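In case you want the letters, here they are:
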Amino acid sequence: AQTVTQSQPEMSVQEAETVTLSCTYDTSENNYYLFWYKQPPSRQMILVIRQEAYKQQNATENRFSVNFQKAAKSFSLKISDSQLGDTAMYFCAFVDTSGTYKYIFGTGTRLKVLA
Amino acid sequence: NAGVTQTPKFRILKIGQSMTLQCTQDMNHNYMYWYRQDPGMGLKLIYYSVGAGITDKGEVPNGYNVSRSTTEDFPLRLELAAPSQTSVYFCASRINGGAREAQYFGPGTRLTVL
């Protein structure tokens, strides 16, 4: 069975500092996508970043970047220059391209950015 | 594009009442999903649809029903509401494959059953 594990239930970081959130996954598939979603106190689920497994280059979106290690099945999110608005729950997610329609979500990491 | 819209935003039900949570997307996505999120927890899949007329159960379907008569709409029906169904309900649609693969979520419906 495919699984997504986020081992850090809560983290905190000082404003303007850098923080890394961890995610590991398990799959026997070779082609898949990985995602980080942000859920601020408003509860809206917002796509932060996407990584296609066949791409070796790590995805970046402004202050957000990932470290994708396919062999290790690791997918961490780095947030640079943390801002108060980054305070949120962050979910790692996975979907394979074999015809399974379901996204697998991790249990989330609650990030608090401190002023 | 409005994206994924959900109504109502909030609702309080009495035990045994029924209601329909509405979900509409205007992105012409074939895939749609319903999740519930209990306080402090992650997402649990209730039902999903891969296109009009096709639906299937997720991991927690009991107490719920869905229909998908059009590409745009994917309503979730709660029959005989129970306190265990108190949760935030999210609808999502999915663009499948390629550089834009992702699920896109509605703003959620907060449901309380008393």
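Attention here is on the structure that accompanies the text. As the structure is a computational prediction, the values presented were derived from the model and not from experiment.

Right, let's get into unusual backbone geometry. A cis amide bond links T7(B) with the next residue in sequence, P8(B), at an omega value of -5°. Tracing the backbone through its elements, the reader meets P8(B) in the loop between β1 (4-7) and β2 (10-13). Phi is positive for A16(A), close to 80°, though the residue is something other than glycine. Mapping A16(A) onto the fold places it in the loop between β2 (10-14) and β3 (19-21). Here the phi dihedral of R43(A) falls at roughly 80°; this positive angle occurs in a residue that is not glycine. Relative to the helices and strands, R43(A) resides in the loop between β5 (32-39) and β6 (46-52).

A few words on the packing of aromatic side chains. In this structure the tally under the stated criterion is 21 aromatic pairs over all chains. Arranged with centres 5.6 Å apart and planes meeting at 85°, the rings of F105(A) and Y35(B) form a pair that is edge-to-face. Placement of the pair is F105(A) in strand β11 (residues 104-105) and Y35(B) in strand β4 (residues 31-37), with the two residues belonging to separate chains. On the basis of relative accessibility, which here comes to 12%, the residue F105(A) falls in the buried class. The exposure class of Y35(B) is buried, given its relative accessible area of 2%. Site record: aromatic cluster; members linked through ring pairs are Y33(A), F35(A), Y37(A), Y101(A), Y103(A), F105(A), Y31(B), Y33(B), Y35(B), Y48(B), F90(B) and F105(B). Note that R94(B) overlies the ring of Y31(B), its terminal NZ or CZ placed 4.7 Å from the centroid.

Basis of the calculations
Residues numbered from 1 in each chain as written. Chains lettered and ligands numbered in written order. Predicted model: local features only at pLDDT ≥ 70, side-chain atom pairs only at ≥ 80, totals over all residues. Heavy atoms only, no water. Helix = DSSP H or I, 4+ residues; strand = E, 2+ residues; numbered from the N terminus. Phe/Tyr/Trp six-rings, centres within 6.5 Å; stacked < 30°, edge-to-face > 60°. Buried < 20%, exposed > 50% of the residue type's maximum accessible area, 1.4 Å probe, protein only. Lys NZ or Arg CZ within 6 Å of the ring centre and 35° of its normal.

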